[in-house]
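# Coordinate inspection notes
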Amino acid sequence: MKTNHAVVNQVPPLEGFDVANYPVIAEYLDRVGAAESLPELHELGQMAGSAEWITVGDLAEEHPPVLETHDRFGNRIDVVRYDPSYHRLMDTAVGHGLAGHPWASADPHAHLVRSAKFSVWTAVDAGHGCPISMTYAAVPALQADPTLTERYLPGLASREYDFGLRPASEKAGLIAGMSMTEKQGGSDVRTNTTTAT
């Protein structure tokens with residue numbers, strides 16, 4: 001392939017760097033006694049700054065989830081199809097304890113370490129940070145009921161991403177999410193209406 005000109009006014013791609021390379025993060029984790037978390041933090045940072053994972057994040061954004069309401073025979077299925085890149089992002093986040101894991105950890109710095117890793121890892125793709133955050137945030141609400149805590153905390157705190165529509169009791173890991181029945185929504189929340197009963 002012959003090029004007809006050279007482009008010289010563009011910066012090179014920002015890749016091949018450690019997203020976790022922020023001295024303030026390392027200093028703070030060291031100061032509070034959580035320096036043992038730095039190797040995993042830098043592992044995530046190097047992944048998030050790599051060309052491979054930047055591409056994975058781009059693919060997840062370019063291929064949004066697709067809702068299939070019916071199968072080819074007309075049966076209602078309500079299945080959401082995700083691009084494999086999304087599953088790779090989720091698997092990595094859950095595997096590194098960014099979802100509900102801190103709530104079951106004996107580490108006194110588990111929540112702080114999780115926040116540092118979450119900040120670093122979601123630089124590769126912000127979209128999958130939503131279900132990861134919802135899983136993390138669901139646990140304290142469930143802890144108001146000991147029965148719910150006993151039933152769901154092991155799955156929500158798991159480091160295993162177990163995608164698929166199956167009963168929670170059959171899964172090695174759970175992801176929390178929200179269900180909405182709104183007919184209109186999205187980013188233009190000004191047009192939403194609410195009725196209290």
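So, here is what we can say about the structure in this document. (Residues numbered from 1 in each chain as written. Predicted model: local features only at pLDDT ≥ 70, side-chain atom pairs only at ≥ 80, totals over all residues. Heavy atoms only, no water.)

## Quick look at the pattern of salt bridges
Filter applied, for reference: A side-chain nitrogen of Lys or Arg and a carboxyl oxygen of Asp or Glu constitute a salt bridge if their distance falls within 4 Å. To sort residues, take the accessible area from a 1.4 Å probe on protein chains only and compare it with the maximum for the residue type: under 20% means buried, over 50% means exposed, and anything in between is partly exposed.
If you walk through the whole model with that rule in mind, you get seven salt bridges. Asp78 serves as the salt-bridge partner of Arg76, at 2.9 Å between the closest nitrogen and oxygen. For Arg76, a relative accessible area of 57% translates into the label exposed. With its nearest N and O atoms 2.5 Å apart, the salt bridge here joins Arg166 to Asp162. It is possible to trace a salt-bridge network through shared partners that takes in Glu40, Lys117 and Arg159.

## Structural notes on the nonpolar core
Put simply, the rule reads: Definition of nonpolar core: a set of buried residues of the types Ala, Val, Leu, Ile, Met, Phe, Trp, Tyr and Cys, connected through side-chain atoms within 4.5 Å. Segments assigned H or I by DSSP are reported as helices when at least four residues long, segments assigned E as strands when at least two residues long, and all are numbered from the N terminus. Contacts were defined at the residue level, with two residues in contact if any of their heavy atoms lie within 4.5 Å.
Residues Leu29, Leu41, Trp53, Leu89, Trp121 and Ile132 are the most contacted members of the largest nonpolar core, which totals 27 residues. Mapped onto this core, the elements with two or more residues apiece are helix 2 (38–48), helix 3 (51–62), helix 4 (84–95) and helix 5 (110–121). Here Trp53 is in contact with Met47, Arg88, Leu89, Thr92, Trp121 and Val124, once residues within four sequence places are set aside. Counting seven residues, the second-largest nonpolar core is a separate cluster that includes Ala138, Val139, Leu156 and Ala176.

## Quick look at the environment of Gly95
Relative to the elements of secondary structure, Gly95 occurs in helix 4. Along the sequence, Gly95 and Arg159 sit 64 residues apart, while their C-alpha atoms lie 4.5 Å from each other.

## Regarding the side chain of Thr92
What counts here: Think of a polar contact as two N or O atoms within 3.5 Å of one another; within protein, one of them needs to be a possible hydrogen donor and the other a possible acceptor, and neighboring residues in sequence only count if both atoms come from side chains.
Position of Thr92 relative to the elements: it lies in helix 4. Here the side chain of Thr92 touches Arg88 through a polar contact of 3.0 Å, landing on its backbone oxygen. Discounting residues that sit within four places of it in the chain, Thr92 has contacts with Leu44, Met47, Trp53 and Trp121.

## Description of the layout of surface pockets
This is how the line gets drawn: Both site types are read off a 1 Å grid over the protein atoms alone. A 1.4 Å probe that fits but cannot get out defines a cavity, while an open set with protein on both sides within 12 Å along at least five of seven lines defines a pocket; lining residues have an atom within 4 Å of a point. Grid points are joined across faces, edges and corners, and a volume is the space filled by probe spheres set on the points. All amino acids are sorted into three groups, where Ala, Val, Leu, Ile, Met, Phe, Trp, Tyr, Cys and Pro are nonpolar, Asp, Glu, Lys and Arg are charged, and the leftover types, Gly among them, are polar.
Here the second largest pocket is characterised by a volume of approximately 150 Å³. In terms of lining, the second largest pocket is formed by 14 residues, of which the most central are Asp107, Ala110, Val113, Lys117 and Arg159. Per-element tally for the lining of the second largest pocket: the top contributor is helix 5, with four residues. The class makeup of the residues in the lining of the second largest pocket is three nonpolar, five polar and six charged.

## Notes on empty space enclosed by the protein
Inspection of the entire model under this criterion finds one cavity of 30 Å³ or more. Counted as a void, the largest cavity has a volume near 30 Å³. Val139, Leu142, Gln143, Leu148, Thr149, Tyr152, Leu153 and Leu156 together form the lining of the largest cavity. Mapped by element, the contributors of at least two residues to the lining of the largest cavity are helix 6 (129–142) and helix 7 (146–156). Among the elements that line the lining of the largest cavity, the one with the most residues is helix 7, at five residues.

## Regarding the packing of aromatic side chains
Where we set the bar: Working definition: rings of Phe, Tyr and Trp (its six-membered ring) pair if their centres are within 6.5 Å, and the pair is stacked with planes under 30 degrees apart, edge-to-face with planes over 60 apart, and tilted otherwise. Lysine and arginine charges are scored as sitting over a ring when NZ or CZ, respectively, is within 6 Å of the ring centre and within 35 degrees of the ring normal.
All chains considered together, the criterion is met by five aromatic pairs. Judged by centre distance (5.1 Å) and plane angle (70°), the ring pair of Trp53 and Trp121 falls under edge-to-face. With a gap of 68 residues between them, Trp53 in helix 3 and Trp121 in helix 5 connect regions that are remote in the sequence. Residue Trp53 is classed as buried on the basis of its relative accessible area, which comes to 8%. Ring pairing ties together the aromatic residues Tyr82, Tyr86, Tyr161 and Phe163, which thus form one cluster. We note Arg88 situated over the ring of Trp53; from NZ or CZ to the ring centre the distance is 4.5 Å. Taking NZ or CZ as reference, Arg114 lies 4.6 Å from the ring centre of Phe118, over its face.

Treat this as a map of the structure, not an account of what it does.
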